[in-house]
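Overview (structure and organization)
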Amino acid sequence: MIQQNRVNCKMLQSGNKKSTIMTRNEFNTQVMEQTNELRSFAKRFTKDNEEINDLLQETFLKAVTYFQNFKEGTNLKGWLYTIMKNTFINGYRRVSKTQSFITTEEEVSSSQMYFSAVHNWGENKFVMDDIQQALSELDKGCYVPFTMYFEGYKYYEIAEHLNLPVGTVKTRIHMARKKLKNVLAVYQ
């Protein structure tokens, strides 16, 4: 059992001193001694106590899991700080990514829904039928100037074609727009 807990059971010579490689239990004890410093460091990233505790727990878990990667004699606190910083950054990226894909109902306006929704061509047929119905309800005096204007004719060209003053053409087009706007209000 002791041999399993030791990363390397060989005795190391460093000058006249003999030392063994740290056991897993010794390592865990030293890691736990860093709790207060790590908690203070975690407060740089978040003010929420639950998130701080989660970050501490994940840092401890990764430290214990990757115990064999720690080189004795190096800065344990620095190693733990690096684990915590990277854990926070990776968690932040993960949350950012998922939030960019998931939006809440309040964040989506009706105009955004129109562009993000699957286009339903059958709906267009009903819209076009309603527009045609609304146009057919216009009297001929407003319908002809409006359709000519919609097709791209200028006011003076419509006036010449219908033998009407330009002001009358503008008034009839305005009246046609107003009536169509009222009839098709559900689409605004």
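The following refers to the structure shown. Every chain begins its residue count from 1, and numbering advances along the sequence as written. Residue-level local features of this predicted model are given only where pLDDT is at least 70; pairs of side-chain atoms are given and counted only at 80 or more, and the full residue set underlies all totals for whole chains, interfaces and linings. As a rule here, side-chain values cover all heavy atoms of the structure and leave hydrogens and water aside.

All right, on to the packing of helix α8 (residues 140-150) against helix α10 (residues 166-183) then. Each axis is a line fitted through C-alpha atoms, taken for helices only over the stretch in contact, and angles between the N-to-C directions span 0 to 180 degrees. Helix numbers and strand numbers start at the N terminus; a helix is a DSSP run of H or I with at least 4 residues, a strand a run of E with at least 2. Between α8 and α10, the least distance of the axes is 8 Å, while the angle of their chain directions is 95°. Judged by the inter-axis angle, α8 sits roughly perpendicular to α10. Only Val169, Arg172, Ile173, Met175, Ala176, Arg177 and Leu180 of α10 make contact with α8, whose side of the interface consists of Gly141, Cys142, Pro145, Phe146 and Tyr149. When grouped by side-chain class, the residues that make up the contact of α8 with α10 number 9 nonpolar, 1 polar and 2 charged. Roughly parallel means an angle under 35 degrees; roughly antiparallel, over 145; roughly perpendicular, 65 to 115; everything else is oblique. Contacts are residue-level and defined by heavy atoms, with any inter-residue pair within 4.5 Å sufficient. Three residue categories are used. Nonpolar comprises Ala, Val, Leu, Ile, Met, Phe, Trp, Tyr, Cys and Pro, charged comprises Asp, Glu, Lys and Arg, and polar comprises the others, including Gly.

Moving on to the layout of surface pockets. In this analysis, the protein atoms alone were mapped onto a 1 Å grid. Cavities are point sets where a 1.4 Å probe fits without being able to get out; pockets are open sets with protein on both sides within 12 Å along at least five of seven lines; lining residues have an atom within 4 Å of a point. Grid points are joined across faces, edges and corners, and a volume is the space filled by probe spheres set on the points. In this structure, the largest pocket occupies an estimated 330 Å³ of space. Considering the residues around the largest pocket, the lining is formed by 13 residues, among which Glu51, Phe88, Gly91, Tyr92 and Val95 are closest to the centre. Of all the elements in the fold, those that place two or more residues in the lining of the largest pocket are α4 (49-65) and α5 (76-101). If one sorts the elements of the lining of the largest pocket by residue count, α5 sits on top with 8 residues. Looking at side-chain class alone, the lining of the largest pocket contains 4 nonpolar, 5 polar and 4 charged residues.

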